[in-house]
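Here is what each chain is made of, one letter per residue.
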Amino acid sequence: LPVFCKAININGVDYYDGGVSDPVPFEKAFEDGCDKVIVVLTKPVDFRKTRERFLPVIRAAMRKYPSIYNGISSRHELYNTSVEKAIEYEKQGKIIIIAPENCYGVDTLTRETEALEKLYQEGYECTKKCLDRL
């Protein structure tokens, strides 16, 4: 959440979470020589992101980091394209997707312990269902 979090400075360079530029980063694993990749999604596989509603606010908050703003403004398209590609790779046997069927209302800012625990258990159960493919 670049708008809510400070950049991390390493050797004089500011960094933000890589999810802004590559929200479902399985291609790098293939580039590095992997022939099968496990993709863990935090939303159901049929979930599709929509355009960020608060782009003017984000633009103002990220004026020092225009590349971050550009990434956020197109992240929905990149996420959706990546998930579609992952689904195709799964059909080809190159990827195993683990994704919850229900998110129990949990989103990025959720702090409700009960909802987070339900989502954790959902992920655990989804993973158990995939064990034979792993």
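These numbers were taken from a predicted model, which means no experiment stands behind them.

Across its full length, the chain carries four helices and four strands. Overall, the chain is about 50 × 40 × 30 Å in size when its C-alpha atoms are taken along their principal axes. By residue count, 32% of the 134 residues in the chain fall in the buried class. Excluding contacts between residues fewer than 6 apart, the proportion of contacts in the chain whose partners are at least 24 apart in sequence is 67%. Summing over all exposed atoms, the chain offers an accessible surface of approximately 9,400 Å²; the carbon and sulfur share of this is 53%. Seen as two clouds, the 20 positive and the 21 negative side-chain charges of the chain have centres 6 Å apart.

Here we take up the pattern of salt bridges. Between side chains of opposite charge, a pair can form when the charged atoms approach closely. Taken as a whole and judged by the stated rule, the model has nine salt bridges. With a closest N to O distance of 2.8 Å, Lys28 and Asp32 form a salt bridge. Residue Lys28 is classed as partly exposed on the basis of its relative accessible area, which comes to 46%. Using a relative accessible area of 53% as the deciding quantity, one classes Asp32 as exposed.

An ideal rise of 1.5 Å per residue puts 38 Å on 26 residues; helix H3 (residues 66–91) measures up with 37 Å between its terminal C-alpha atoms. Of all the bends in H3, the greatest, near 55 degrees, is centred on Ser74. Where H3 ends, the next residue or the one after it, Gly93, has phi of about 80 degrees, a positive value.

Quick notes on the rules
Each chain carries its own residue numbering, running from 1 in the direction its sequence is written. Owing to the predicted nature of the model, reporting of local features is limited to residues with pLDDT of at least 70; listing and counting of side-chain atom pairs is limited to 80 or more, with chain, interface and lining totals taken over all residues. To get the side-chain values, all heavy atoms of the structure are used, and hydrogens and water are removed first. Put simply, DSSP marks the helices as runs of H or I at least four residues long and the strands as runs of E at least two long, and each gets a number from the N terminus on. With a 1.4 Å probe rolled over the protein chains alone, any residue whose accessible area is under 20% of its type maximum counts as buried; one over 50% counts as exposed, and the rest are partly exposed. In this analysis, two residues are considered to be in contact whenever any of their non-hydrogen atoms come within 4.5 Å of each other. The Shrake-Rupley method, run with a 1.4 Å probe, gives the accessible areas here. Residue values count only the displayed protein chains as cover. Working convention for charge: Lys and Arg count positive, Asp and Glu count negative, and His plus the chain ends are omitted. The location of each charge is read from NZ of Lys, CZ of Arg, CG of Asp or CD of Glu. Salt bridges are counted wherever a side-chain nitrogen of Lys or Arg sits within 4 Å of a carboxyl oxygen of Asp or Glu. Take the number of residues in a helix, subtract one, and multiply by 1.5 Å to get its expected span. Each residue is assigned a bend, namely the angle between axes fitted to the seven residues that terminate at it and the seven residues that start at it.

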